[in-house]
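Breakdown of the fold
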Amino acid sequence: MTEKCYYDDAYTYTWESEVIEVIPKEDKYLIVLDKTYFYPEGGGQPSDSGTIDDIKVSYVFEENKKIYHQVEKAPKKKTVLCKLDYEKRFINMQQHTGEHLLAATFYKYYKGVSNAFHMGEDYTSIDISLPEVSPQMVKEIENKVNEIIYKNVEVKTYLKEIEEAKKLPLRKQPKVNEDIRIVEIDGVDFCPCCGTHVKRTGEVGIFKIIKTEKSKGATRIYFQCGKRALEDYSKKHKIVSILNEKFSANENTLLEKIEKYMADVREIENEIKELKREAVVCEAQKLVKNSKETVIYEEYDNKSIDEIINISKQLFQMGKYIFIGLSLKEMKLFITHNTDLILHCGNIIKNELNKYAGKGGGSPIQAQAIFESKEDLIKCGQALRVICKSLEDE
Ligand SMILES: [Zn+2]
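Just so you know, these numbers come straight off a predicted model, no measurement behind them. (Residues numbered from 1 in each chain as written. Predicted model: local features only at pLDDT ≥ 70, side-chain atom pairs only at ≥ 80, totals over all residues. Heavy atoms only, no water.)

**Let's talk about the overall build of the chain**
Heads up, the rule is: Where helices and strands are cited, they refer to DSSP runs of H or I of at least four residues and of E of at least two residues respectively, numbered from the N terminus. Buried means the residue's accessible area, taken with a 1.4 Å probe over protein chains only, is under 20% of the maximum for its type, while exposed means over 50%, and partly exposed covers the values in between. Pairs of residues are marked as contacts when any of their non-hydrogen atoms sit within 4.5 Å. The Shrake-Rupley method, run with a 1.4 Å probe, gives the accessible areas here. Residue values count only the displayed protein chains as cover.
Summing up its helical and strand segments, the chain has eight helices and 20 strands in all. Its C-alpha atoms put the chain at 105 × 55 × 40 Å along the principal axes. Looking at the chain as a whole, 42% of its 394 residues are labelled buried. Excluding contacts between residues fewer than 6 apart, the proportion of contacts in the chain whose partners are at least 24 apart in sequence is 59%. When the accessible surface of the chain is split by element, carbon and sulfur atoms take 51% of a total near 22200 Å².

**Here's the deal with the sheet that holds strand β15 (residues 218-225)**
Using the following cut-off: Two strands qualify as a pair provided DSSP detects at least 2 bridges between them. Fitted lines through C-alpha atoms serve as axes, helices being fitted only where they are in contact, and the angles separating the N-to-C directions of these axes extend from 0 to 180 degrees.
An order of β9-β10-β15-β14 is seen for the four strands of this open sheet, with the pairing classed as antiparallel. The two strands at the open ends of the sheet, each matched to only one other strand, are β9 (114-119) and β14 (207-215). Strand-to-strand, the axes of this sheet are offset by a mean angle of 20°, without reference to chain direction. Where β9 meets strand β10 (residues 124-128), four bridges bridge the pair, whose relative direction is antiparallel. When the sheet's bridge partners are listed, serine 114 is paired in β10 with isoleucine 128. Those strands touched by helix α1 (residues 86-110) are β9, β10, β14 and β15, and its axis lies near 140° from that of β15. Lying over the sheet, helix α4 (residues 226-246) contacts β14 and β15, oriented at roughly 90° with respect to β15.

**A few points about helix α7 (residues 345-353)**
Which entries qualify depends on this criterion: Arc, as used here, means the arc of the directions from the helix axis to the C-beta atoms.
All buried positions along α7 are accounted for by Cys345, Gly346, Ile348, Ile349, Glu352 and Leu353. Seen from one end, α7 has its buried residues packed into an arc of 170°, which puts them on one side. Turned more than 90 degrees away from the buried face of α7, the exposed residues are Lys350 and Asn351. Looking at the buried positions of α7, the neighbouring elements they touch are β18 (332-337), β19 (358-362), β20 (366-371) and α8 (374-393).

**Some remarks on the coordination of the zinc ion**
Let me state the cut-off plainly: Only nitrogen, oxygen and sulfur atoms qualify as donors, provided they sit within 2.8 Å of the metal or within 3.2 Å for Na, K and Ca; with water excluded from the atoms, sites may seem incomplete.
Each protein donor to the zinc ion is listed here as His96 (NE2), His100 (NE2), Cys193 (SG) and His197 (NE2); together their distances run 2.0 to 2.2 Å. In primary-sequence terms, the residues that donate to the zinc ion follow H-x3-H-x92-C-x3-H. Each member of the pair, cysteine 193 as well as histidine 197, carries the same accessibility label: buried.

**Observations concerning the side chain of glutamine 95**
Structurally, glutamine 95 is set in helix α1. Contacts of glutamine 95, omitting those with residues within four sequence positions, involve Met119, Thr124, Phe223, Gln224, Cys225 and Arg228.

Now the structure itself:
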């Protein structure tokens, strides 16, 4: 059995302990100490990290009342100096105490019960047994929680036997039957919990709900407290400042300016679409005017294969043609026809491709190919043009 010092004192971060056991486990060691301030993973709170005689503690867990500290190598001495990563511990204390305040406030005002608690590097959340949490409720809950923080009330922890614990107005029923640890927030909440908490609510600093989402009939509430909330604020403040600069705006005008910008972009996109449609018509007319033959061949520097396909569709409205279009920027070729000639576009392209570094294929009426070099693309295009012309002459 290990003495769990973090139960009575969450603030000590350096101390001496006696090593009771060293258990090799795969390429690591599990250390059991006579007493520890390292919090083992549990109750939604991640385990502490730190060092034992300067050896890194990567994970801490509890099993049969013993606490195991996972380390890379075994300490040499029996009496060891332990150090906690206090920055991480204090953030956990802030987040965890904030969780009690949030759950207690939801319970008091909406009878919502908190079920799942997640506290990690990535995010902190609880699931509240309410199918709907409105923005109005979020604002109200946030204000109530912050009011308790401003009042700086005491957070007490003590052990109770089950019968005594049952007499308390507990927000949740305990999961164990003996030595029930109660966390009491003065005038606010009684809850069984084994985690580490701050001594007074003022140390939580600030509480902010980040977002809510529906989760299996309940609502998941993401939140940040204290240092984490400040980091979150700083990150978002930086983004807003950059946007303000880019849009020559301030906090009051930024959204309006972005909406106007997006409306302008949509208008420009529509204009571009219309211009492209007109360009396709013009291009098809130009091709018909310049070529007196059934076979129309064209190389395009800057048109995509999709634009070339659109040109062919327009062309076919104007007569019967074999059209070969090359996109030099995409290194692609497109061939299509709407004539009565015996011409299978897919087969003709496949035959020709044997001679070049390219691949492709298609149906009797249209086919495509892609090439590794511009030279092969053009050679293949011109060869197809000759073949098609000979068909026309037959
Ligand atoms: Zn707790």
